[in-house]
Amino acid sequence: MKALSQKYFALIDCQECANCCRVLELEFTEPELHTIANSMEQSIDEFKKRFVVQGIVKPCPALKGNLCSIYEGRPDVCRSYPHFEKPHFIFRLYGVLDSIAICPIAFNAFEELKAKVKWSQYRARWSNRRRQIETEGNVA
Ligand code: SF4
Ligand code: SF4
C-alpha cells in the first residue's frame, strides 16, 4: 500500500485539491493548535472559541486558497493523510473508505490495489456463492 500511496502522491498535486483541509474535522494536539493560532496572530483562547468545536472547524483556518499557511509546521495528522502509509491498513478499512470519497490519491491507490488483488473476480465469486446460499435457503 505504501508504494501505491507514494506513486499517486507523485502523480497528484495536492495544491490543486486541498479537499482534506476543506472537509475533514481534524483533531489537533494542543501544541498544533497553538501553532495555527500563532500563525493567525490570535490568542489560543480566542482561536479555540472561533475555530474549535469537537475537532477543528472546516475548512481549516490555516488554509489560504489551496495552500497550507503553516505547511512546514503542519500537524502530524495532515502529514500522514490519507494514512495509507501507516501500519495496520487492513484494520482501518472504514477510515480508508472515507478517504476514498475525499482524496484522489486514496481513490487511485485503492483502485489499483483492487486491480492487483483481482477484486472483481472475488466479488463475482462471492456473488455466486451468495446466490447459491440464498437458493439453498429457499429450498430448505
Ligand atoms: S485530499 Fe488527498 S490529494 Fe487532496 S490535498 Fe488532501 S492528501 Fe492531497
Ligand atoms: S493545518 Fe494545513 S495541512 Fe492541515 S488541515 Fe489545515 S491547512 Fe490543511
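Residues numbered from 1 in each chain as written. Chains lettered and ligands numbered in written order. Predicted model: local features only at pLDDT ≥ 70, side-chain atom pairs only at ≥ 80, totals over all residues.

Before going further, it helps to examine the site of ligand 1. Residues in close proximity to ligand 1 include Ile12, Cys14, Cys17, Ala18, Asn19, Cys20, Tyr81, Pro82, Ile102, Cys103, Pro104 and Ile105, which together make up its full environment. Among the secondary structure elements, those contributing two or more residues to the shell around ligand 1 are helix H2 (19-23) and helix H7 (104-116). Here the residues of the shell around ligand 1 sort into 11 nonpolar, 1 polar and no charged. (Near = placed C-beta within 6 Å. Helix = DSSP H or I, 4+ residues; strand = E, 2+ residues; numbered from the N terminus. Nonpolar A, V, L, I, M, F, W, Y, C, P; charged D, E, K, R; others polar.)

Taken together, Cys21, Leu26, Cys60, Ala62, Leu63, Cys68, Ile70, Arg74, Pro75 and Cys78 make up all the residues around ligand 2. When its residues are assigned to classes, the shell around ligand 2 shows 9 nonpolar, no polar and 1 charged.

Turning our attention to unusual backbone geometry. The residue after lysine 58, namely proline 59, is reached through a cis peptide bond having omega -5°. Following the sequence through the fold, proline 59 ends up in the loop between helix H4 (44-51) and strand S1 (63-64). In this structure, proline 82 follows tyrosine 81 across a cis peptide bond, with omega equal to 5°. Its place among the elements puts proline 82 in the loop between helix H5 (76-80) and helix H6 (93-102). The residue glutamate 41 is not glycine, and still its phi comes out positive at about 55°. With respect to the helices and strands, the residue glutamate 41 is situated in the loop between helix H3 (30-39) and H4. One non-glycine residue, histidine 83, adopts positive backbone phi at about 65°. The residue histidine 83 is located in the loop between H5 and H6 in this model. Since 18 C-beta atoms lie within 10 Å of it, histidine 83 is described here as partly exposed. (Buried ≥ 20, exposed ≤ 12 C-beta atoms within 10 Å, placed from the backbone.)

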